[in-house]
Amino acid sequence: MDPIFLIASAVALASAVNMVTQRNPVYSAVFLLVGFLAVAVTFLSLSAPFLAAIHVVVYTGAIMVLFLFVIMLLNLKPEELGAEYPIETRAPIAVLCAAMFGMMSWAILSDPSLAIPAKAPNATWGSVEEVGLLLFNVYALPFELISLLIIVAMFGALVLAKKRLSNVEATS
Amino acid sequence: MISYYLLFAAALFSIGAYGVLARRNVLIILMSLELMLNGVNIVFVALSLVPHGVQMAPGGHVFVLMVMAVAAAEVAVGLAIVIALFRTRQTVDINDLQMMSG
């Protein structure tokens, strides 16, 4: 059992629980940041160094900055955060999610083909070279389609978030 | 053991699902969604280590990259919708955002 994985998963799970229970979205975002870094360490212990680096860059670098930027832009006051569900509503949901976790862990633990050590087959497993060769040969078409998706998402975000021009003209 | 990594991923996914279902702040719902996608990513990477034949290639890693790209696009569009909604309705509570429920 990898001690690095034990520590990283404990940190990730603790910060995930804290994230979903915090009332203020800024605290949630900071806990999510810690959780993302711990997940990156988990990738390292699964011998995926390239993915660990990309995970840090994309999640903590881009997505969290976007979240914190939007939280800052909305500038929510404590009374604007809105009410949360009462405990009578949240407890059944928690039980439901725990039952889902129970079913998944039963399926995972009862499969003998998964009870093998997480060992990389060779020394260059998950390196930039190996993943890049796959990405630009076997998976070249999905890779190109992803770039299309990102362009569409960029235009969509621009159109959705921009101020309506007619409103600006009406107020000025 | 690969199954421990899968258990960890299942726990992350379940906590994220709880966040999506039990919270009403739309920002925290989007963050919980990211957590669920992270759990899926760990499953992809862990299962790519399961031996299945003579030639093993990290194809699961490529799909993690795709999931990351989709997650980034989803967050960009989702947060843009949040900004547009907050501009028109001054709320981030999903129970106040029911104008499409007929």
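Predicted model only: the values in this text are computed from it and were never measured.

Visitor: What's the story with the overall build of chain B in this structure? I'm lost.
Guide: In terms of regular secondary structure, chain B is built from 3 helices and 0 strands. Relative to a compact globule of 102 residues, whose C-alpha radius of gyration would be 13 Å, chain B shows 17 Å and is clearly more extended. Taking the principal axes of the C-alpha coordinates as reference, chain B spans close to 60 × 25 × 20 Å. Looking at chain B residue by residue over its 102 residues, the buried ones come to 62%. For chain B, long-range pairs separated by at least 24 residues make up 55% of all intrachain contacts whose partners lie at least 6 apart in sequence. Within the structure as shown, chain B displays about 3700 Å² of accessible surface, and the carbon and sulfur contribution to it stands at 69%. Taken together, the 4 basic and 4 acidic charged side chains of chain B have centroids lying 7 Å from each other.

Visitor: Which parts of the structure should I look at to understand the interface of chain B and chain A?
Guide: Interface size, as often reported, equals the accessible area lost upon joining of the parts. On the side of chain A, 81 residues touch chain B, which itself brings 71 residues to the contact. Carbon and sulfur atoms make up 81% of the area that chain B and chain A hide from each other, which totals about 7000 Å². If you look at where chain B meets chain A, you find 1 salt bridge. As a salt-bridge pair, R23 of chain B and E84 of chain A come within 3.2 Å of each other at their nearest N and O atoms. Seen at the junction of chain B and chain A, the total is 10 residue pairs in polar contact (both at pLDDT 80 or more). Listing elements by their share of the side of chain B that touches chain A, those giving two or more residues are α1 (2-22), α2 (26-47) and α3 (59-89) of chain B. Per-element accounting of the side of chain B that touches chain A gives the leading share, 24 residues, to α3 of chain B. Of the residues assigned to the side of chain B that touches chain A, the class counts are 55 nonpolar, 11 polar and 5 charged.

Visitor: Help me understand the nonpolar core in this model?
Guide: Within soluble globular proteins, side chains that are nonpolar generally end up buried alongside one another. One finds F43, F67 and L74 of chain A together with L27 and I42 of chain B to be the most contacted residues of the largest nonpolar core, which totals 74 residues. Elements that contribute at least two residues to this core include exactly α1 (3-21), α2 (25-45), α3 (49-74), α4 (87-109) and α5 (128-136) of chain A together with α1, α2 and α3 of chain B. Filtering out sequence-adjacent residues up to four positions away, L27 of chain B remains in contact with P25, F67, V70, I71, L74 and L76 of chain A together with L79 and V82 of chain B.

Visitor: Honestly, helix α6 (residues 140-161) of chain A in this entry has me stumped. Any pointers?
Guide: Each full turn of the α-helix corresponds to 3.6 residues, which orients residues three or four apart in the same direction. Counted at 1.5 Å a residue, the expected span for α6 of chain A with its 22 residues is 32 Å, and the 32 Å between its end C-alpha atoms agrees. Tucked inside the fold, the buried residues of α6 of chain A contact α3 of chain B.

Visitor: Explain the pattern of salt bridges to me, please; I cannot follow it from the model alone.
Guide: Side-chain pairing between opposite charges can occur once the charged atoms of the two side chains come close. Residue and element names in this part refer to chain B. All told, the structure shown has 2 salt bridges over all chains when counted by the stated rule. In this structure, the salt-bridge partner of R24 is D93, at a minimum N-O distance of 2.9 Å. Taken together, the residues span a long stretch of sequence, with R24 in the loop between α1 and α2 and D93 in the segment after α3 at a distance of 69 residues. Relative accessible area serves as the criterion here: at 14%, R24 is assigned to the buried category. Looking at D93, the relative accessible area reads 4%, which means it is buried.

Visitor: Explanation requested: unusual backbone geometry in the structure shown.
Guide: Glycine aside, a negative phi is what most residues show, and trans is what most peptide bonds show. Residues and elements named next belong to chain A. Unusually for a residue other than glycine, S47 sits at a positive phi of about 50°. Structurally, S47 can be placed in the loop between α2 and α3. The backbone of N75 shows a phi angle near 50°, a positive value even though the residue is not glycine. Turning to its location among the elements, N75 is positioned in the loop between α3 and α4. Given the relative accessible area of 53%, N75 is considered exposed.

What counts and how
- Residues numbered from 1 in each chain as written.
- Chains lettered and ligands numbered in written order.
- Predicted model: local features only at pLDDT ≥ 70, side-chain atom pairs only at ≥ 80, totals over all residues.
- Heavy atoms only, no water.
- Helix = DSSP H or I, 4+ residues; strand = E, 2+ residues; numbered from the N terminus.
- Rg over C-alpha atoms; globule rule 2.2 N^0.38 Å.
- Buried < 20%, exposed > 50% of the residue type's maximum accessible area, 1.4 Å probe, protein only.
- Contact = heavy atoms within 4.5 Å.
- Areas by Shrake-Rupley, 256 points an atom, 1.4 Å probe, with all protein chains shown as cover.
- Lys, Arg positive; Asp, Glu negative; His and termini not counted.
- Charge placed at Lys NZ, Arg CZ, Asp CG, Glu CD.
- Buried area = accessible area lost by both parts, 1.4 Å probe.
- Salt bridge = Lys/Arg side-chain N within 4 Å of Asp/Glu carboxyl O.
- Polar contact = N/O pair within 3.5 Å; in protein donor to acceptor, adjacent residues only side chain to side chain.
- Nonpolar A, V, L, I, M, F, W, Y, C, P; charged D, E, K, R; others polar.
- Core = buried A, V, L, I, M, F, W, Y, C linked by side-chain atoms within 4.5 Å.
- Expected span 1.5 Å × (residues − 1).

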